[in-house]
Amino acid sequence: MQMSTQFIPGEHHLVGQLANNIGCVNFEIGQNLPLVQSQLKQSLQMQKECGYAGGGEEEDLFSISLTMLNVGVVCARQGQNAASITHVKACFAIQQALLENDNEVVKSTAKYLESLLRR
């Protein structure tokens, strides 16, 4: 699947978030993992181009962190542990910068990262 931002000028982050959601749906329905990983990476790239690279808004950065986590999960499922840890660490760093340490999302990401590091 190739998503285009040409029909939504100035809203690349929305197309990026949509690509993330499509990747997650495909993951849940059992699509092949390389396809899902490709969709999530495309989503991440679109979101970075729009928000992250330009110092984006907090909710754009949070959305990027969730996509990074999704990429990390798919990498882990494919046995790509180093890539998974890299993505989840980046996700965790963003979440820590944006949210309090006692936030449930931060706690959940920390727990997942710990499980990856024990593998």
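Read on for a plain summary of the structure. (Residues numbered from 1 in each chain as written. Predicted model: local features only at pLDDT ≥ 70, side-chain atom pairs only at ≥ 80, totals over all residues. Heavy atoms only, no water.)

1. A look at the nonpolar core
Now for step 1: Residues I64, M68, V88, F92, I94, L113 and L116 are the most contacted members of the largest nonpolar core, which totals 15 residues.
Now for step 2: Within the residue set of this core, elements represented by two or more residues are helix 3 (58-77), helix 4 (81-98) and helix 5 (104-117).
Now for step 3: Ranked by size, the runner-up nonpolar core spans 6 residues in total, among them F27, L40, V74 and C75. (Core = buried A, V, L, I, M, F, W, Y, C linked by side-chain atoms within 4.5 Å. Buried < 20%, exposed > 50% of the residue type's maximum accessible area, 1.4 Å probe, protein only. Helix = DSSP H or I, 4+ residues; strand = E, 2+ residues; numbered from the N terminus.)

2. Quick look at the side chain of Q95
Now for step 1: Structurally, Q95 can be placed in helix 4.
Now for step 2: Note on Q95: relative accessible area 0%, which makes it buried.
Now for step 3: At a separation of 3.4 Å, a polar atom in the side chain of Q95 contacts the side chain of S65.
Now for step 4: Ignoring sequence-local partners within four residues, the contact set of Q95 consists of F62, S65, L66, V105, V106 and T109. (Polar contact = N/O pair within 3.5 Å; in protein donor to acceptor, adjacent residues only side chain to side chain. Contact = heavy atoms within 4.5 Å.)

3. Observations regarding helix 4
Now for step 1: Compared with an ideal rise of 1.5 Å per residue, which puts 18 residues at 26 Å, helix 4 spans 26 Å between its outermost C-alpha atoms and is within 8% of the ideal.
Now for step 2: Restricting attention to buried positions, one finds in helix 4 the residues S84, I85, H87, V88, C91, F92, I94 and Q95. (Expected span 1.5 Å × (residues − 1).)

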